[in-house]
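What follows is each chain in one-letter form.
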Amino acid sequence: MVTQAGLLAAELEARGFLRGIGRTILFIIIILVVIGGLIGFSVARKFGGRR
């Protein structure tokens, strides 16, 4: 009984940890997309102005 409770606690902790990592990765991806969009927009503006 004690072992099952320990395993359950470890599993819940792992799930919460993975959920936190997933949230962090999603946040990083959003930041990278926004930065990439800004860079792409500025580059397109520079090359668009030269034509």
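This text follows the structure it describes.
Residues numbered from 1 in each chain as written. Predicted model: local features only at pLDDT ≥ 70, side-chain atom pairs only at ≥ 80, totals over all residues. Heavy atoms only, no water.

K.L.:
How would you sum up the overall build of the chain? Please name residues and give values.
P.N.:
When helices and strands are tallied, the chain shows one helix and zero strands. Its C-alpha atoms put the chain at 75 × 10 × 5 Å along the principal axes. Counting every position in the chain, which comprises 51 residues, the buried fraction comes to 0%. Only carbon and sulfur atoms are counted for the fraction: they give 73% of the accessible area of the chain, which is about 4900 Å². (Helix = DSSP H or I, 4+ residues; strand = E, 2+ residues; numbered from the N terminus. Buried < 20%, exposed > 50% of the residue type's maximum accessible area, 1.4 Å probe, protein only. Areas by Shrake-Rupley, 256 points an atom, 1.4 Å probe, with all protein chains shown as cover.)

K.L.:
Quick rundown of the environment of Thr3? Include the residues and the values.
P.N.:
Checked against the element boundaries, Thr3 lands in helix H1 (residues 2-50). With relative accessibility at 60%, the residue Thr3 sits in the exposed group. Once the C-alpha coordinates of Thr3 and Arg15 are considered, the two residues, twelve residues apart in sequence, prove to be 18 Å apart.

K.L.:
Any details on a nonpolar patch on the surface? Residues and values, ideally.
P.N.:
Residues Phe17, Leu18, Ile21, Ile25, Ile29 and Val33 make up a contiguous nonpolar surface patch of roughly 600 Å² in combined accessible area. With respect to the secondary-structure elements, Leu18 resides in helix H1. (Patch = residues over 30% accessible without salt bridge, like charges linked within 9 Å, V, L, I, M, F, W, Y side chains within 5 Å. Salt bridge = Lys/Arg side-chain N within 4 Å of Asp/Glu carboxyl O.)

K.L.:
Got a sec to walk through the pattern of salt bridges? Specific residues and values, please.
P.N.:
A full pass over the atoms with the stated rule returns one salt bridge. As a salt-bridge pair, Arg15 and Glu11 come within 2.9 Å of each other at their nearest N and O atoms. Here Arg15 pairs with Glu11, and both are found in helix H1, just four residues apart, close to one helical turn. For Glu11, a relative accessible area of 38% translates into the label partly exposed.

K.L.:
Lay out the environment of Leu7 in plain terms, naming residues and giving numbers.
P.N.:
In this fold, Leu7 is placed in helix H1. Owing to a relative accessible area of 57%, Leu7 belongs among the exposed residues under this scheme. When the C-alpha atoms of Leu7 and Ile28 are compared, they prove to be 31 Å apart, with 21 residues separating the residues in sequence.

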